[in-house]
Amino acid sequence: MSALFKKFVFLVFLLPFAINLQAQEAKDLDIYLAIGQSNMAGRAEILPDLKVPLEGVYLFTGKEWIPAVNPLNLYSSVRKVVSMQRLGPVYGFARKMQSESPERKIGLVVNAKGGSVIAEWMPGTLFFNEILSRARLAAESGEIKGIIWHQGEGDVKEADQYLGKIGHLITAFRDSLNLPELPFVVGQLSEDKPVRKPLNDFLVNLPQEMPNTGVALSYGTTAFDSTHFDSPSQILIGERYADQMIKLLDAKKQTDSFSFGVLSDIQYADVETVGKRNYRGTLETLKRTIPILNAYDLEFSVHLGDLIDRDFESFDAPLSILEDSEAPFQFVWGNHDFSVLDSLKQRVGEKINNQKGYHSFEIGNMVFMVVNGMDISVGGHPEGSKNHTQALEMMETLEKGGANNVKPWNGGVGQEQLAWMESIVQNAEKDGKHVVAFCHYPLLPENGLHLLNHKEVMDRIGGSPAMVAWLSGHHHAGNYFKDDNGMHHLTFLGMVEAETPALGAIVTVKNDKLIIHGIGNEEDRILNFR
């Protein structure tokens, strides 16, 4: 038995117990299919630094997931003999994909066969059925995100027909997997043999012929035998596959719709009901609302401030219920969240996982700003602190001007945060993106519950065509206003005064609108982009 064969036997049959335990963690994966002929299977030397498992990347054996380690075509159901399976582009591809999104786990389904021609992969063939079967099994552990394909050395004599054939194959995969926009990246061949250049020239036209496709170019690569890429080239072209896949996935995000959940003013406290404010009962409303949110495939949910009414220990009860949410929560600072001892105010941000009070994040073509309306406020800071003093000065000035929102429970935005907000909106406008802001306080209408320096905020960002909507809480009765610039101001109903068993909203983001689906008494709305 050769040393090489012994190595493969060890890899297949004697994986350490610790690795088997790690494999059990493989779930909720971003799954990529890697198919084609010998260069996809891999014929290059597996150098010492390429022998370690890829962290956060798993390989499908056909039955289970194991940590991804070279050779990655080892479990192909159509491969040639074990000893021929070496380094292919999948290693470099997976490593770069994982480094770009380290929070995600990657699943690889590698099913390549050396020497195969494209006719052997067409719908109805053994190879097509094998990868389709494996893909469907693998999809039980996650979502199929894309396909990488390297094949064509066996079809160079009919290069002019290749584009039509690969197009037919891509359509068949997408139809069979019910993924009509599935990203598909093909790789160019080595041009060590000039006869392959015509096929490569045809391949670069694929993105113009078929949507959601890309090409990993082979320039700068070398082959150790005039056909098969050497080890550095396999890593290089694998990374080019990743570059193309990332580009396609980003573009897909910009066109795809997605949804997020909204709750506001849970305002829990272990005290008796006062008027409409059912401080204890709001927990039951929250418990009834979470399963409704979980019925949707949400990217995230947001709570628009006032998680509690008073006392720092009140946070634990609603937060424990919110742990049942399948989507992560964004928490906005509200005035009642700071109805705690001065010595505990600095711990509020940490408690609700929003340390600074304001930040932004992006999904596709949307930018979301979490705004800190407690930045300049008397309630959000200990007496005598800089921000507390600034709040008193701001309120004094506003009162002299006859403003109706000069109340100790209102707050404003400081100059540093204002500059940050302006920068976010300007960059979004430059990039052709849309902005939605989350804040506890409304900007409009001027009903006495709006942000202290709302006019300053409107002057800085309200005129930008990038600004879509300002979503807020604070006013438990809710409100809606569309300003002269076409920006939407939507205040959501407060859960502490809920008149229905559940309360909240699902917001679906489209290319040109936000669709609000109300839960309980929250109204359905369509907010068109300006």
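### Section: the side chain of Gln151
Relative to the helices and strands, Gln151 is located in the loop between strand S5 (142-150) and helix H6 (159-177). Within the structure, the side chain of Gln151 is placed 2.7 Å from the side chain of Asp155, a separation counted as a polar contact. At a separation of 2.6 Å, a polar atom in the side chain of Gln151 contacts the side chain of Tyr162. Excluding anything up to four places from it in sequence, Gln151 contacts Gly36, Gln37, Ser116, Val117, Ile118, Tyr162 and Leu189.

### Focus: the pairing of strand S4 (residues 106-112)
Counting buried positions over the seven residues of S4 gives seven, a clear majority of the element. Examined bridge by bridge, strand S1 (residues 29-36) and S4 share seven bridges and lie parallel to one another. Bridging from a neighbouring strand, Ala34 pairs with Val110 of S4.

### Some details on the pattern of salt bridges
Tallied over the full model, the rule gives 19 salt bridges. In this structure, the salt-bridge partner of Lys345 is Asp342, at a minimum N-O distance of 3.7 Å. You can call Lys345 buried: its relative accessible area is 8%. Taking the relative accessible area as the measure of exposure, Asp342 reaches 40% and is therefore partly exposed. The shortest N-O distance in the salt bridge between Lys400 and Glu396 comes to 3.8 Å. Here Lys400 pairs with Glu396, and both are found in helix H13 (residues 386-400), just four residues apart, close to one helical turn. Accessibility expressed as a relative area gives 69% for Lys400, which makes it exposed. What makes Glu396 partly exposed here is its relative accessible area of 46%.

### Let's talk about helix H14 (residues 415-431)
Over its 17 residues, H14 runs 24 Å from end to end, which matches the ideal 24 Å to within 8%, given 1.5 Å per residue. Here the buried face of H14 lies against strand S11 (359-363), strand S12 (366-370), strand S13 (434-439), helix H15 (454-462) and strand S14 (467-472). At the C-terminal side of H14, Gly432 shows a positive phi close to 70°.

### Things to note about unusual backbone geometry
That bond from Asn70 to Pro71 is cis: its omega, 0°, falls within 30 degrees of zero. Structurally, the position occupied by Pro71 is in the loop between strand S3 (65-67) and helix H4 (90-100). The omega torsion across Leu444 and Pro445 is 0°, close enough to zero to call that bond cis. Along the chain, the position of Pro445 falls in the loop between S13 and H15. Even without a glycine there, the phi angle at Asp265 is positive, about 50°. Structurally, the position occupied by Asp265 is in the loop between strand S8 (258-263) and helix H10 (282-294). A relative accessible area of 0% places Asp265 in the buried class.

Analysis parameters
- Every chain's residues receive numbers from 1 upward, in the order its sequence appears when written.
- Only residues with pLDDT of at least 70 get local features here, since the model is predicted, and only at 80 or more are side-chain atom pairs given and counted; chain-wide, interface and lining totals rely on the full set of residues.
- For side-chain calculations, the full set of non-hydrogen atoms in the structure is used, while hydrogens and water are omitted.
- Secondary structure elements follow DSSP: runs of H or I of four or more residues count as helices, runs of E of two or more count as strands, with numbering from the N terminus.
- Whenever two N or O atoms come within 3.5 Å, that pair is a polar contact, provided that in protein one can donate a hydrogen and the other can accept it, and provided that, for residues adjacent in sequence, both atoms are side-chain atoms.
- Two residues form a contact once any of their heavy atoms are found within 4.5 Å.
- Here's how the labels work: a residue is buried when its accessible area is under 20% of the maximum for its type, exposed when over 50%, partly exposed in between, all with a 1.4 Å probe on protein chains only.
- When DSSP finds two or more bridges between two strands, those strands count as paired.
- When a carboxyl oxygen of Asp or Glu is within 4 Å of a side-chain nitrogen of Lys or Arg, the pair counts as a salt bridge.
- By this rule the span expected of a helix is its residue count minus one, scaled by 1.5 Å.

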